[in-house]
Amino acid sequence: MVTRVLVTGAAGRIGRAVLALLAERSVDANALVLEDPGDLTARLVVAGDAADPATVRAALDGADGVIHLAAIPTPERNSAQEVFATNTLTTFTVLEEAGSAGVRHAVVASSWGITGLPWTAQPSPHPAYVPVDEAMESQVADAYGLSKQVDELTAATMARRHAMSVISLRYPFVGGFDERLRAHAARLTAEPAAGARDLWTYLEVRDAARAALQALGVPGPGAHAVHVCAPETLVPFATEELMRRYHPTTPLLRPLPGRTAPVDTTAAVRLFGFTAEHLLDD
């Protein structure tokens, strides 16, 4: 069990939820942020660039676990070069410094974007099959998705290099219910085609935080990439009907009754016992 966790990107949506969960469980937290917002519930707050080794070393003070969330989260607002370079270098630096400091448990925020579906240039991309699992071939054609592919390779390298456990969580659309999930669900209900690239999946932010903390408990050494999402979609339509309408060429490998999310999350269950608890209709 880790006793002090460095959270990078701690001022972000998932980062704040992770800090709140650590505080609830009486686990010490260090926070690494670009700028200190002044309200983080962390024992230590370091402001600086997660790509800078000296900054990361300072932020690691006393930590025996790392949850790495710092990243440019989409390819849409920054240049391709900036997205790729920032995301890959920060992940390499954080894991390299953590491993060198003796940290043996790390979690990295990967993304549904690693499938390539959200930002491929294809007008109507389709998954090769559903439920999507970690083995499905990627269709990545954007800098963000590529950066996440490299991040997962970096995670595997660092697991070997430092005898670490490194878990990459392939997060879908994440948010709080009142913050943005209900509004997003309403948009997709009115226009289901808008959710086709994400397969109408989501994860409530408290579950996103809990997945990260539970993943820190996976014994190592070794690296694993896993999908995490709520078990049901955001929209009030049968999943199989949605698939027939928006992904008519995609094979269904097993029945998807009701609003079952077309993503296989059994690896997360097997590795660290995670299933989502906060569902839109609860």
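Residues numbered from 1 in each chain as written. Predicted model: local features only at pLDDT ≥ 70, side-chain atom pairs only at ≥ 80, totals over all residues. Heavy atoms only, no water.

**Brief notes about the overall build of the protein**
Counting secondary structure elements, the protein contains eight helices and nine strands. In terms of C-alpha radius of gyration, the protein reaches 18 Å, essentially the compact-globule figure of 19 Å for 282 residues. Expressed as lengths along the three principal axes of its C-alpha atoms, the size of the protein is roughly 50 × 35 × 35 Å. Classification of the 282 residues of the protein by burial places 54% in the buried group. At a minimum sequence separation of 6, the contacts of the protein that also span at least 24 residues come to 75%. In the structure as shown, the protein presents an accessible area of about 11,900 Å², 53% of it carried by carbon and sulfur atoms. Computing the positive centroid from 23 side-chain charges and the negative centroid from 32, the protein places the two 2 Å apart. (Helix = DSSP H or I, 4+ residues; strand = E, 2+ residues; numbered from the N terminus. Rg over C-alpha atoms; globule rule 2.2 N^0.38 Å. Buried < 20%, exposed > 50% of the residue type's maximum accessible area, 1.4 Å probe, protein only. Contact = heavy atoms within 4.5 Å. Areas by Shrake-Rupley, 256 points an atom, 1.4 Å probe, with all protein chains shown as cover. Lys, Arg positive; Asp, Glu negative; His and termini not counted. Charge placed at Lys NZ, Arg CZ, Asp CG, Glu CD.)

**Quick word on the pattern of salt bridges**
Across all of its chains, the model carries 14 salt bridges by this definition. Among the ionic pairs, E97 bridges to R57, the shortest N-O distance being 3.3 Å. Of the two residues, E97 is situated in helix 3 (residues 80–100) and R57 in helix 2 (residues 53–59); the sequence distance between them amounts to 40 residues. A salt bridge links R210 to E277; its shortest N-O distance comes to 3.8 Å. (Salt bridge = Lys/Arg side-chain N within 4 Å of Asp/Glu carboxyl O.)

**Overview of the nonpolar core**
Grouped burial of nonpolar side chains is what soluble globular proteins tend to show. With 67 residues, the main nonpolar core has L169, Y171, W200, V228 and F272 as its most contacted residues. The leading source of residues in this core is helix 6 (residues 205–215), at seven residues. Within the second largest apolar cluster, 21 residues are counted, among which are A59, A63, L95 and A98. (Core = buried A, V, L, I, M, F, W, Y, C linked by side-chain atoms within 4.5 Å.)

**Quick word on the environment of L181**
As for its placement among the helices and strands, L181 is situated in helix 5 (residues 177–190). When neighbours within four sequence positions are excluded, L181 is seen to be in contact with F173, G175, G176, Y202, L203, E204 and L234.

**Overview of unusual backbone geometry**
Generally, phi is negative for residues other than glycine and the peptide bonds are trans, each holding for most cases. Note the cis peptide between V130 and P131, where omega equals 0 degrees. With respect to the helices and strands, P131 occurs in the loop between strand 5 (105–111) and helix 4 (143–162). Omega for the peptide link from G220 to P221 comes to 0 degrees, which places this bond in the cis form. Examined against the element boundaries, P221 turns out to sit in the loop between helix 6 and strand 9 (222–227). The phi torsion at W200 lies on the positive side, around 60 degrees, for a residue other than glycine. Along the polypeptide, W200 turns up in the loop between helix 5 and strand 8 (203–204).

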